[in-house]
Amino acid sequence: MVVFASDGGGLQYGLAMPTGSPIYCLPPGLVLAGIYTSENPHFDVAAPDLSTFLDRLLQAVRTFAASGTPPSL
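Residues numbered from 1 in each chain as written. Predicted model: local features only at pLDDT ≥ 70, side-chain atom pairs only at ≥ 80, totals over all residues. Heavy atoms only, no water.

Peer 1: Mind showing me how you'd approach the packing of aromatic side chains here?
Peer 2: What characterises a pair of aromatic rings is the spacing of the ring centres plus the angle enclosed by the ring planes. Counted according to the given criterion, the structure contains two aromatic pairs. Each ring, one from Phe4 and one from Phe53, has its centre 5.5 Å from the other, and the planes form 85 degrees; the classification is edge-to-face. One end of the pair, Phe4, is in strand β1 (residues 2-6); the other, Phe53, is in helix α1 (residues 50-67), and 49 residues separate them in sequence. Residue class for Phe53 comes out buried when judged on its relative accessible area of 4%. For the pair Tyr13 and Phe53, a centre-to-centre distance of 5.1 Å together with 50 degrees between the ring planes defines the contact as tilted. Of the two residues, Tyr13 is situated in strand β2 (residues 12-15) and Phe53 in helix α1; the sequence distance between them amounts to 40 residues. Joined through ring pairs, the aromatic side chains of Phe4, Tyr13 and Phe53 make up one cluster. (Phe/Tyr/Trp six-rings, centres within 6.5 Å; stacked < 30°, edge-to-face > 60°. Helix = DSSP H or I, 4+ residues; strand = E, 2+ residues; numbered from the N terminus. Buried < 20%, exposed > 50% of the residue type's maximum accessible area, 1.4 Å probe, protein only.)

Peer 1: Mind showing me how you'd approach α1 here?
Peer 2: Think of an α-helix as turning once every 3.6 residues; residues three or four places apart then point the same way. In this model α1 runs 25 Å from its N-terminal to its C-terminal C-alpha over 18 residues, within 8% of the 26 Å that 1.5 Å per residue would give. Gly68 occupies a position one or two residues after α1 and carries a positive phi of about 80 degrees. (Expected span 1.5 Å × (residues − 1).)

Peer 1: Looking at this structure, how should I read the environment of Val2?
Peer 2: Along the chain, the position of Val2 falls in strand β1. With relative accessibility at 41%, the residue Val2 sits in the partly exposed group. Once the C-alpha coordinates of Val2 and Pro41 are considered, the two residues, 39 residues apart in sequence, prove to be 17 Å apart. Not counting residues up to four positions away in its chain, the partners in contact with Val2 are Tyr13, Gly14, Leu15 and Met17. (Contact = heavy atoms within 4.5 Å.)

What follows is the structure in structure tokens.
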């Protein structure tokens, strides 16, 4: 898993390997020396792949720009 993004509030997003696998929404945890650890074993799937995640992120940015209200991914 490669952690590549954060929502700024504790949630992190990780790409399962190999490329093309789901993007997971990770509960708050710690990344030390590139290794993510968490006491919470529950991981949600944020998107089926990176392309879909980025499309959702773009839509969230557009929604925020139009309304001023941050949507969730």
